[in-house]
Amino acid sequence: MVKEYLRKVVFAIVALAFFIVPWAVPQVRNYAPGVAVIAGIIFAVSWGNPFAGLTGKFSSTLLGLAIVGMGAGMNLDKVLAAGLNGFVYTFIGIALGLGLGSLLGKRLKIDKNCSWLVSVGTSICGGSAIAAAAPALKAKAGDVALASATVFTLNAVALLIFPWIGKMLNFSQTEFGYFAALAIHDTSSVVGATFQYGEEALEIGTTVKLARALWIVPVTLFIATFVADKEEDGEKRKFKLKVPWFIPGFLIAAAIVTYLPCTAAVGGFFKEISKYLMVFTLFIIGANLSREKLKELGIRPLIHGVLLWLILSTVWCLAIYFDWVKG
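The shown structure was predicted, so the numbers you read here are calculated from the model rather than taken from an experiment.

### Here we look at a nonpolar patch on the surface
Together, Ile38, Ile42, Val157, Leu160 and Ile161 make up an exposed nonpolar region whose accessible area comes to about 370 Å². Among the elements of the structure, helix H2 (32–46) and helix H6 (141–168) are those that each provide at least two residues to the nonpolar patch. Among the structural elements, Val157 can be located in helix H6.

This is the structure we're talking about:
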């Protein structure tokens, strides 16, 4: 009993430290996102997550709040311009990702639903896309767990190595923002990676990533119509379409500070707070990767996810390096 209480106290202290320390100590801010997700993983795997039910339930909510808070410090006109420009690139990337993902899944002889979930998570926006596509496919819990664990693991890797790749290739803030937004799976990892790179990279990366996330709706409808297995009566399975609430929230927050200049100071404060809320959330997200989830991580889905991610990341890296992607 005492040991469990101590574990809960230590977990809470460490989690709060990832909110407070980057805020109070500017020197550690660039490293905080990567350290946060690694610390969360290490804590959960070595000692166990004492709040697994709560962190699993509320991590997506905290992520959404952080994204909306970032919108409160951005100009809507610039956001829409970047989003519109990125919309074309995201369409190309998603079409390529789904096509390659389907082909790789067949070659590796992976269950169709698991293959599509990994492909959707890699091509669009990680866990949110998997959660949206799973009801359309009527995927089993095991398939969802495998796909989520695969995508999450690669997200953690991207959060650590992408800033290093960007600096090695001398990417500008704009270039890295596009690189992260187009090549990293999950919104939280895009924000974490661009946060380490700089303010402009953070704004562009967040905006283009949200434009990419909008493809959840048409892709889920496509899957329900053309991919999902039919019921015995020949009808497609019914499902409820899930749209991430933080996308309209982000746009509304940006609209308020853009068209009501008197709110700019308050908006800037919320944007600043949201950065450290994101670091806190990354620790929580890392802590959701348990020993059990690691055991569920089958080798073929992992190979599928790694190959697909490496191909797409390389394509976008080369496209940006040779100036084929225009910011």
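Okay, back to it.
### Brief notes about the environment of Leu307
Mapped onto the fold, Leu307 is located in helix H14 (residues 299–321). With 206 residues separating them along the chain, Leu307 and Gly101 place their C-alpha atoms 9.0 Å apart.

### Remarks on the nonpolar core
Among the nonpolar cores identified, the biggest contains 92 residues, and Val120, Phe176, Phe179 and Ile223 are the most heavily contacted of them. In terms of residue count, the dominant contributor to this core is helix H5 (residues 112–137) (14 residues).

### With respect to the packing of H5 against helix H10 (residues 216–227)
The interhelical angle for the contact between H5 and H10, taken along N-to-C directions, is 160°, at an axis separation of 10 Å. Regarding the angle of H5 to H10, the classification is roughly antiparallel. The chirality of how H5 crosses H10 is right-handed. On the side of H5, the interface is formed by Lys112, Trp116, Val120, Ile124, Cys125, Ser128, Ala129, Ala132, Ala133, Ala136 and Leu137, while H10 contributes Ile216, Val219, Thr220, Phe222, Ile223, Ala224 and Val227. Of the residues belonging to the contact of H5 with H10, the class tally is 15 nonpolar, two polar and one charged.

### Overview of the pattern of salt bridges
What the rule picks out here adds up to five salt bridges. When the shortest N-O distance is used, the salt bridge between Glu4 and Arg7 registers 2.4 Å. Pair noted here: Glu4 and Arg7 are both in helix H1 (residues 2–24), with a separation of three residues, about one helical turn. Between Glu199 and Lys275 there is a salt bridge; the shortest N-O distance is 2.8 Å. Here Glu199, found in helix H9 (residues 199–213), pairs with Lys275, found in helix H12 (residues 264–287); they are 76 residues apart in sequence, far enough to count as distant. Residue classification places Lys275 among the buried positions, given a relative accessible area of 8%. Residues joined in a network through salt bridges with shared partners are Glu199, Glu203, Lys271, Glu272 and Lys275.

### Regarding helix H8 (residues 187–197)
With eleven of eleven residues buried, H8 is to be regarded as a mostly interior element. Phi turns positive, to about 150°, at Gly198, one or two residues after H8.

### Some points on the packing of helix H3 (residues 52–71) against H12
Packing of H3 against H12 leaves a shortest axis separation of 8 Å and a crossing angle of 155°. Between H3 and H12, the angle is such that the two are roughly antiparallel. As H3 packs across H12, the resulting crossing turns out to be left-handed. Here Thr55, Ser59, Leu62, Leu63, Leu65, Ala66, Ile67, Gly69 and Met70 of H3 come into contact with H12, specifically with Gly267, Phe270, Lys271, Ser274, Lys275, Leu277, Met278, Phe280, Thr281, Ile284 and Ile285. A breakdown of the residues in the contact of H3 with H12 according to their chemical character gives twelve nonpolar, six polar and two charged.

Reading the values: the criteria
Residues numbered from 1 in each chain as written. Predicted model: local features only at pLDDT ≥ 70, side-chain atom pairs only at ≥ 80, totals over all residues. Heavy atoms only, no water. Patch = residues over 30% accessible without salt bridge, like charges linked within 9 Å, V, L, I, M, F, W, Y side chains within 5 Å. Areas by Shrake-Rupley, 256 points an atom, 1.4 Å probe, with all protein chains shown as cover. Salt bridge = Lys/Arg side-chain N within 4 Å of Asp/Glu carboxyl O. Helix = DSSP H or I, 4+ residues; strand = E, 2+ residues; numbered from the N terminus. Core = buried A, V, L, I, M, F, W, Y, C linked by side-chain atoms within 4.5 Å. Buried < 20%, exposed > 50% of the residue type's maximum accessible area, 1.4 Å probe, protein only. Axes fitted to C-alpha atoms, helices over the stretch in contact; angles between N-to-C directions. Parallel < 35°, antiparallel > 145°, perpendicular 65-115°, else oblique. Left-handed = near helix turned anticlockwise from the far one by under 90°. Contact = heavy atoms within 4.5 Å. Nonpolar A, V, L, I, M, F, W, Y, C, P; charged D, E, K, R; others polar.

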